[in-house]
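Letter by letter, the chains look like this.
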Amino acid sequence: VAAVVLLVTRASGWEEFKAYFFDWERYRESFPEIADAFWINVKIFLIAEAIILFTALGLAVLRGLPGPVFLPIRLLAIAYADFFRGVPTILVILMLGTGMPALGISWVPISEMFWAIVALVLVYTAYVSEVYRAGIESVHPSQDAAARSLGLTRAQSLRHVVIPQAVRRVVPPLLNDFIGLQKDTALVSVLGVVEALRQTQINEAAEFNGTYYLVAATLFVALTIPLARATDWLVARERRQRLAAAGVR
Amino acid sequence: MRKALLVAFAAMLALVAATTASGDQTTTAAIPGCAIDSLNLQEEGTLTIGADNPAFPPWFGGTPRSPWKVSDPRSGQGYESAVAYAIARQLGFARGDIEWTYVPFARSYRPGRKPFDFFITQVSYSPERDRAVDFSKAYYFLKQAVVGLRGRPITRARTVADLRPYRLGAQFGTTSYNYITRFIRPSSSPRAYDTNDLAVQALKNGQIDGIVVDTPTTYYVTTVQIPNSRVVGQLPTRGARERLGLVFERGNALRTCVNRAIDRLWRNRTINALQRRWLAKVERARELK
């Protein structure tokens, strides 16, 4: 670390760099303004996450449907996940956000926020469904078999036996994806919505100073760190309970 | 042989363009202390000028040739191209000694070595910006204007206050956007786009009611991009007059000589002639109260 600090601070452009990116006066002054804009990121994140939690689980279940009857549905689910994991998120946002309103159909919403959220939901449903699927597959088949032998239908067994266990196991990777989603809300800026990133870019270009990036970075980190610690705590608690139930200390 | 022909052809073109671009201007005497070999340049003997892409009219003219889209800064056509060549001429550069290089606007002011001697693409001066880069003297004084779709309610606006109920947009980081947030203060939050083109697309889509651009740029928007649009009006100047300057890397001594060249161009009325030639037809829109 010391070596890196020394290397950076002794670079010939350091003074210019410092003046451009670390202006504490500007940092303090712009904080409330960018925090205001960051609220839009938080809103997008919360709405999108609430939807994704269910759509992704639905997709994972569809993909796990057994037998040849459901083959077309399985294939569709696979194609969906492949497509939306493959296309860059920013492209999906741009295509929907500028493309759908351009259709000029009266009942199609033209709101940028609407299409941005739709795009994020489409993309992250694909990611998160893979996480759920991994969780569902990690539940031992004997659990399902035991539930069925007690007279539960397949759907009941899935709902009351398999999914509860699966979800608990995948909480950490789930949170990982949601932190990704939180950061990707900044991509909405390409549609002209003035959220945290766009506000920093506006301020940067207005004054030719980049300190504002630091403000935005602070805000994003301030939101993700508590989330990460909360996950750690959840995982630890879950582990304690499981071990206690098994009689292990 | 072919090459020689090409060179001869290029020289002829240059001659034609130079005579048309400079108009009634008399032959130039050298600026004292600004001999070409004493100038601080990227490349000795060559003036490297940066410009953003697409280069569009009336700022730039001519037919596009790679890498330039819409127009070509190398044409000498269009106001900014003509001004750049006039400045270069004052400094004693021949047309062939001028290189244009594509530089995105944001790259023009971020820290680090600049890949140009000066950058010209409608950059407005402000004291804050002047702390990160150096600006030349003004080569144009600018007004902002609002463009809306024909027949929409916004086109009936007569005052700046009339614009408040509408959703407006502009390219982020521009003084156009700042004008919206500082002086129009609309009731619904304005949109800030990566590029003018995206703002124009949003206007076409009906996602916004009007876009704010500088007055000359309205020409490109209303004639090329959305023929179904019109200038709602020019916006009155608030605060200091907005002026366009060339952007230099901080501390570049070349600026002194370029400033002298610009002084001369104002004094011998070349700049006025170029403005009449390239910008007169776009400056006629009425002004909002």
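Look above for the structure.
It should be emphasised that the depicted structure is a prediction, and the values quoted were computed from it without experimental measurement.

Peer 1: Can you walk me through the state of the cysteines in this structure?
Peer 2: Disulfides are covalent bonds that connect the sulfur atoms of two cysteines. Residue and element names in this part refer to chain B. Counted under the stated rule, the structure contains one disulfide over all chains. The side chain of Cys34 participates in a disulfide bridge whose partner is Cys257; the two sulfur atoms lie 2.0 Å from each other. Here the S-S torsion is close to -90°, and the disulfide linking Cys34 with Cys257 is therefore left-handed. Here the residue Cys34 occupies a position in the loop between α1 (2–22) and β1 (47–51), and Cys257 occupies one in helix α7 (residues 254–267), the gap between them amounting to 223 residues. Residue classification places Cys257 among the buried residues on the basis of a relative accessible area of 7%.

Peer 1: Would you explain the packing of aromatic side chains in this entry?
Peer 2: Any two aromatic rings considered together are summarised by their centre-to-centre distance and by the angle between their planes. Counting across every chain of the model gives 30 aromatic pairs over all chains. The rings of Trp14, Phe17, Tyr20, Phe21, Phe22, Trp24, Tyr27 and Phe31 of chain A are connected pair by pair, giving a single aromatic cluster. The lysine or arginine in question, Arg95 of chain B, covers the ring of Tyr85 of chain B, its NZ or CZ lying 4.2 Å from the ring centre.

Peer 1: When you look at the packing of helix α2 (residues 79–90) of chain B against α7 of chain B in this model, what are you seeing that I'm missing?
Peer 2: Helix packing for two helices is described by the angle between their axes and how far apart those axes are. Residue and element names in this part refer to chain B. Packing of α2 against α7 leaves a shortest axis separation of 9 Å and a crossing angle of 110°. The orientation of α2 relative to α7 falls into the category roughly perpendicular. Along its contact with α2, which presents Ala86, Ile87 and Gln90, the element α7 presents Val258, Ala261, Ile262, Arg264 and Leu265. Here the contact of α2 with α7 is composed, by residue class, of six nonpolar, one polar and one charged.

Peer 1: How should I be thinking about the packing of helix α3 (residues 24–63) of chain A against helix α9 (residues 171–184) of chain A in this particular structure?
Peer 2: Residue and element names in this part refer to chain A. The contact between α3 and α9 brings their axes to 10 Å, and the two run at 145°. As for how α3 packs across α9, the hand of that crossing is right-handed. Every residue of α9 that contacts α3 at Phe45, Ala48, Glu49, Ile52 and Leu53 is listed here: Leu174, Phe178, Leu181 and Gln182. Here the contact of α3 with α9 is composed, by residue class, of seven nonpolar, one polar and one charged.

Peer 1: Which parts of the structure should I look at to understand the pairing of strand β7 (residues 168–171) of chain B?
Peer 2: Residues in a regular strand project their side chains so that they alternate between the two faces of the sheet. All names here are of chain B. In this sheet, strand β9 (residues 210–214) lies alongside β7 in parallel orientation, the contact comprising two bridges. Of the residues in β9, the one forming a bridge with Leu168 is Gly210. Where β7 meets strand β8 (residues 191–193), three bridges bridge the pair, whose relative direction is parallel. Opposite Ala170, over in β8, you have Ala192 as the bridge partner.

Peer 1: Teacher, can you tell me more about the interface of chain B and chain A here?
Peer 2: How big an interface is tends to be stated in terms of the accessible area lost upon association of its parts. Counting residues at the interface gives 27 residues for chain B and 27 residues for chain A. When chain B packs against chain A, close to 2300 Å² is buried across both sides, 55% of that on carbon and sulfur atoms. Broken down residue by residue, the surface that chain B buries against chain A is led by Tyr109, Pro111 and Gln207 of chain B, which jointly contribute 24%. Applying the counting criterion to the chain B and chain A interface returns four salt bridges. Put simply, chain B and chain A have twelve residue pairs in polar contact (both at pLDDT 80 or more) between them. Secondary structure elements with two or more residues in the side of chain B that touches chain A: α3 (105–109), α4 (175–184), β8 and α5 (196–205) of chain B.

Peer 1: Help me out: how do you make sense of the nonpolar core in this one?
Peer 2: Nonpolar side chains tend toward joint burial in soluble globular proteins. All names here are of chain B. Membership of the largest hydrophobic core comes to 44 residues, with the highest contact counts inside it found for Leu47, Tyr79, Ile87, Trp100, Leu246 and Val258. Elements supplying a minimum of two residues to this core: β1, α2, β2 (98–102), β5 (140–142), α7 and α8 (270–279). Looking at which element gives the most residues to this core, the answer is α2, with eight residues. Sequence-distant contacts of Leu246, defined by excluding residues within four places in its chain, comprise Ile87, Phe118, Phe119, Ile120, Asp134, Phe135, Ser136, Tyr139, Val258 and Ile262.

Peer 1: Please explain helix α8 (residues 154–169) of chain A as it appears in this structure.
Peer 2: Note on helix geometry: an α-helix contains 3.6 residues per turn, so any two residues three or four positions apart are oriented the same way. Residues and elements named next belong to chain A. Given a rise of 1.5 Å per residue, 16 residues ought to cover 22 Å, and the 21 Å separating the end C-alpha atoms of α8 matches this to within 8%. Along α8, the residues that are buried comprise Ser157, Leu158, Val161, Val162, Ile163 and Ala166. Each element contacted by the buried residues of α8 is listed here: α3, α6 (112–138) and α7 (141–149).

Reading the values: the criteria
- Residues numbered from 1 in each chain as written.
- Chains lettered and ligands numbered in written order.
- Predicted model: local features only at pLDDT ≥ 70, side-chain atom pairs only at ≥ 80, totals over all residues.
- Heavy atoms only, no water.
- Disulfide = S-S within 2.5 Å.
- Helix = DSSP H or I, 4+ residues; strand = E, 2+ residues; numbered from the N terminus.
- Buried < 20%, exposed > 50% of the residue type's maximum accessible area, 1.4 Å probe, protein only.
- Phe/Tyr/Trp six-rings, centres within 6.5 Å; stacked < 30°, edge-to-face > 60°.
- Lys NZ or Arg CZ within 6 Å of the ring centre and 35° of its normal.
- Axes fitted to C-alpha atoms, helices over the stretch in contact; angles between N-to-C directions.
- Parallel < 35°, antiparallel > 145°, perpendicular 65-115°, else oblique.
- Contact = heavy atoms within 4.5 Å.
- Nonpolar A, V, L, I, M, F, W, Y, C, P; charged D, E, K, R; others polar.
- Left-handed = near helix turned anticlockwise from the far one by under 90°.
- Pairing = 2+ DSSP bridges.
- Buried area = accessible area lost by both parts, 1.4 Å probe.
- Salt bridge = Lys/Arg side-chain N within 4 Å of Asp/Glu carboxyl O.
- Polar contact = N/O pair within 3.5 Å; in protein donor to acceptor, adjacent residues only side chain to side chain.
- Core = buried A, V, L, I, M, F, W, Y, C linked by side-chain atoms within 4.5 Å.
- Expected span 1.5 Å × (residues − 1).

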